[in-house]
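# Per-entry structural report
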Amino acid sequence: MKAAVYYENGGPEVLKYEDFPDPDLHPRGVIIKVEAIAIEGGDTLNRWRGPLMTNPHVVGYQAAGEIVAVGAEVTHLKLGQKVATVNNWGSHAELRSVPARNCWVIPDGYDVKKAAAIPVTFGTADDCLFEAGRLKAGETVLVQAGASGVGVAAIQLAKRAGATVLATASSDERLERLKPLGLDHGINYAREDVVKEVMRLTDKKGVDVVVDSVGGPTLQGSINALAYRGRVSMVGAAGREPMVVDVGAMMGGNRQLRGVFLGAEIMTDRVHDNIQRLIDEAARGELEVLVDKVFPLSDAAGAHAYIESRAAVGRVVLVP
C-alpha cells in the first residue's frame, strides 16, 4: 500500500509518500480500505515532536472507509460496512488495521469524509462541555480556537444545549463562518484582548464554561475569563507553548480547571456509545461537520502545512 510516512520529527516537509507494508489483521480487529483521513491537531503535534512508535512512522488518529477484512473473533462488524475509526497511529495510509472496538458504523448514504472527522472532535467537544464542564441551559460558553475541529463541534453542541456561545479565532472572516453554527459573539484574538472582551460581552460576569484546546498562555486567559464557579476544560496544546498558569486565580471564584483526554476512556461503553450517537445525529442532519479542504494523500505535507497556516475552518481531509 501507499502511505504518508516520516523518519524523523519536524515540519510538514518530513512527510514522504512511499510504499509501506500492508497491515496485519488482528483476530479482534478489522482492516479498512481507507476512503478519508481527517487530520487531527494531535497528528501535527505528533509529527512535530511525538515519539516514532515505528520507523518509518505512519501518523494519524482518524480514518474512515470500507471493511475489507474481519478478524475471527469479531461478531458485530461485517465485510462491506463503512466505518469511522480511531487508533493511536496509522491513519495516513491506503489500508488500516484497527481494533473492532475502535470502529463506529457510518449510516448508509452519509458522507464518509465527514464521518471520518467526528469521533475525536465531536466526542471530545461533548465531553468538554457536559462530562467535564457540566454545562446547563442558560449558561455562557467560551470556545477557544472556535474554527478548529473541536471548536466547530463545541459551538454547535453548546448552542443546542441552550447556552450563549462565545468563540475566538484569528480573523473576522473565520468568525463569520462560525455564525451559522450557533456562534453568538466572536472575538478576534489577533486584534482584541480576549479576557476584556469576554467581560464586556458578559457584563463583567465572565463565562460558565471554557473549552480550551490551545493551552500555553491562552490557558491563563481562559481561567481569567471565568465567572464564579466557572469551569475550564483543558483539552490540548495546539499553541505548542508551555502551560504556566496561576492556579491561585481560581480560588476566590471557586473555579475549576479539568484536563480532558478522550483517548483515556475511548474504550468505555460510555464514550463508544456517545460517539455513535453523534455520528447518527450528524447523518440525520442535526449536526454539521465542516470539511474545509480535501487533499490527496500524496500531498500530506501540503495538508499539514495548510493546517498549520491557521486558515482552515473545521477539518482538513486526505483522500487516498
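First, a word on what this report is: a plain description of the structure on this page. In this numbering scheme, every chain counts its residues from 1 along its sequence in written order. With pLDDT at 70 or above as the cut-off, local features in this predicted model cover only qualifying residues; side-chain atom pairs require 80 or more to be listed or tallied, and sums for whole chains, interfaces and linings still use all residues. Hydrogen atoms and water are omitted, and side-chain values are computed over all heavy atoms in the structure.

## Considering helix H7 (residues 217–224)
Basically, it comes down to this: Buried means the residue's accessible area, taken with a 1.4 Å probe over protein chains only, is under 20% of the maximum for its type, while exposed means over 50%, and partly exposed covers the values in between. Secondary structure elements are taken from DSSP: a helix is a run of H or I of four residues or more, a strand is a run of E of two residues or more, and numbering for both begins at the N terminus. By definition in these notes, contact holds between two residues if any of their heavy atoms fall within 4.5 Å.
Among all positions in H7, only Leu219, Gln220, Gly221, Ser222 and Ile223 are buried. Residues of H7 that are buried sit in contact with helix H6 (194–201), strand S11 (207–212), strand S12 (226–234) and strand S13 (256–259).

## Some thoughts on the pattern of salt bridges
Operational definition: Salt bridge, as used here: a side-chain nitrogen of Lys or Arg that lies within 4 Å of a carboxyl oxygen of Asp or Glu.
Counted by the stated rule, this structure contains 23 salt bridges. In this structure, the salt-bridge partner of Lys82 is Glu35, at a minimum N-O distance of 3.4 Å. One end of the pair, Lys82, is in strand S5 (residues 82–86); the other, Glu35, is in strand S3 (residues 29–38), and 47 residues separate them in sequence. Glu281 is the partner of Arg160 in a salt bridge, and the nearest nitrogen-oxygen pair spans 3.0 Å. On the criterion of sequence distance, the pair formed by Arg160 in helix H4 (residues 149–160) and Glu281 in helix H8 (residues 269–283) is long-range, its members being 121 residues apart. Among the charged side chains, a network of salt bridges with common partners joins Asp126, Arg160, Arg277 and Glu281.

## A few points about the side chain of Thr168
This is how the line gets drawn: Whenever two N or O atoms come within 3.5 Å, that pair is a polar contact, provided that in protein one can donate a hydrogen and the other can accept it, and provided that, for residues adjacent in sequence, both atoms are side-chain atoms.
With respect to the helices and strands, the residue Thr168 is situated in strand S9 (residues 164–169). At 3.1 Å, the side chain of Thr168 forms a polar contact with the side chain of Gln144.

## Considering the pairing of strand S6 (residues 95–99)
How we decide: When DSSP finds two or more bridges between two strands, those strands count as paired.
Going residue by residue along S6, you find Arg96 and Val98 tucked away on one face and Leu95, Ser97 and Pro99 left uncovered on the opposite face. Of the pairings in the sheet, the one linking S3 to S6 comprises five bridges and is antiparallel in character. In the sheet register, Gly29 faces S6, and the bridge partner there is Pro99.

## Here's the deal with the sheet that holds strand S8 (residues 140–143)
In any sheet, the strands associate via hydrogen bonds between backbone groups, in a parallel or an antiparallel arrangement. Basically, it comes down to this: Here an angle of 0 to 180 degrees is reported between the N-to-C directions of two axes, which are lines fitted to C-alpha atoms, with helices fitted over the stretch in contact.
Judged by pairing direction, the sheet is parallel, and its six strands sit side by side in the order S10-S9-S8-S11-S12-S13 without closing on themselves. Two strands in the sheet have a free side with no partner beyond their single neighbour: strand S10 (185–188) and S13. Averaged over all pairs of adjacent strands, the angle between strand axes in this sheet comes to 15°, irrespective of strand direction. For S11 and S12, the ladder comprises five bridges, and the chain directions are parallel. Across the sheet, the residue bridging to Val207 is Leu226, located in S12. Against the sheet, helix H3 (residues 118–132) engages S8, S11, S12 and S13, with an angle of about 150° to S11. Sitting on the sheet, H7 is in contact with S11, S12 and S13, with an inclination near 150° to S12.

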